[in-house]
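Residue-level structural notes
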Amino acid sequence: MPIDVNTALSAEPTVREANWTERDVLLYHLGLGAGVNSLDPAELGWVYEKGLRVLPTFAMVAGQGVSAGTLKPAGMNMPGIDIDLRKILHGGQSLTLHAPIPTTGSARISSRVADVWDKGKAAVIVLEQSATDQGGNPLWTTGMQIWARGEGGFGGDAGPEVTSSVPEREADKVLVSPTSTQQALVYRLSADMNPLHADPAFAKMAGFDRPILHGLASYGVVCKAVVDGVLGGDPARVQNFSVRFAGSIYPGETIETSVWQDGDQLTLLATCPERDGQPVLTHATMEVRS
């Protein structure tokens, strides 16, 4: 059986040491499309080591890229869970920052399956990670929801109902982020080598016309757009960023992010204009520091 809920929930957390360098940060930012206009000082701050800033969403790939020397396809192989890559989709993601991420650093990352929900035709696996520095100080906490198609129907809890809507007024800002045709190929070098993002034949077997951009890449693209367009280029202002993934993006398409601001709370909606405004990220909120 691909999912043994009791085994998954009772397993001890796995702990790994993560290390990263400026090169990993630079590559991650390039995978989000940063630096297209390398003469723009604001863009240069993401892709040049002099005055380098780190996007909070780098936490999602820290210690998994080129410097780690362990690039391999990301799968769902852990106690109680063994699922084919073609069956999984990233359903949702949250990130809480407890401290700014340094350009070069290390962390101790603890991971566990926090819950498994039964959605009928699919199962949702909720993964939690917490990272601390070498002194035990918290750096970040993440929550990931993975949809496993065809793995539901085991009689489990369906999980909480989530309702969200954008304000009934025009957005305060609309941020436009083009992606490049090779963007998924660059982004995958930071962590996720799933062939879904590179191999046309594999993508077709998974039900897509061609390779798609990583969900976490769109997550990072939107975060960068908000930091640049709303937060004055200061990534340290991001406190929490939570989204649901509603649709896929093909490399070369555009992500358009509408932003509604209410004090330190931002409501976001990311869509793809090339496909008549199809949602990409929904239920998206960002809490920011003043």
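Below, the structure is looked at part by part. Note that the structure is predicted; figures quoted are calculated from it, not measured.

1. Comments concerning unusual backbone geometry
For Asp-276, which is not glycine, the phi torsion reads 55° and is therefore positive. Looking at Asp-276, the relative accessible area reads 80%, which means it is exposed. For His-283, which is not a glycine, the phi torsion comes out positive at approximately 45°. As for its placement among the helices and strands, His-283 is situated in strand β12 (residues 278–288). Residue His-283 is classed as partly exposed on the basis of its relative accessible area of 29%.

2. A word on helix α2 (residues 22–31)
Counted residue by residue, α2 has seven buried out of 10 residues, so it is predominantly covered. When α2 is considered as a whole, its buried residues turn out to be Asp-24, Val-25, Leu-26, Leu-27, Tyr-28, His-29 and Gly-31. With its phi angle positive at about 95°, Gly-33 sits one or two positions after the end of α2.

3. A closer look at the sheet that holds strand β6 (residues 122–132)
Strand order in this open sheet of 10 strands is β1-β5-β6-β7-β4-β9-β12-β11-β10-β8, and the pairing throughout is antiparallel. Each end of this open sheet is capped by a strand with a single partner; those strands are β1 (14–20) and β8 (173–178). Put simply, the sheet's adjacent strands are angled 20° from each other on average, direction ignored. Two strands pair when backbone bridges link them, and strand β4 (residues 88–97) and strand β9 (residues 238–245) are joined in this way by five bridges, in the antiparallel orientation. By the bridge assignment, Gln-93 is partnered in β9 with Val-243.

4. Thoughts on the nonpolar core
Counting 71 residues, the largest nonpolar core has Phe-58, Ile-125, Trp-140, Val-226, Leu-268 and Met-286 as its most contacted members. Among the elements that line this core, the one with the most residues is helix α6 (residues 215–229), at nine residues. Non-local contacts of Met-286, meaning those with residues more than four positions away in its chain, are made with Cys-223, Val-226, Leu-231, Val-238, Asn-240, Phe-241, Asp-264, Gln-265, Leu-266 and Leu-268. Counting residues in hydrophobic clusters, the runner-up holds seven residues, among them Ala-203, Ala-206, Phe-208 and Ile-212.

Reading guide: rules and limits
Residues numbered from 1 in each chain as written. Predicted model: local features only at pLDDT ≥ 70, side-chain atom pairs only at ≥ 80, totals over all residues. Heavy atoms only, no water. Buried < 20%, exposed > 50% of the residue type's maximum accessible area, 1.4 Å probe, protein only. Helix = DSSP H or I, 4+ residues; strand = E, 2+ residues; numbered from the N terminus. Pairing = 2+ DSSP bridges. Axes fitted to C-alpha atoms, helices over the stretch in contact; angles between N-to-C directions. Core = buried A, V, L, I, M, F, W, Y, C linked by side-chain atoms within 4.5 Å. Contact = heavy atoms within 4.5 Å.

It is worth stressing that arrangement in space is one thing and function is another; only the former is reported here.
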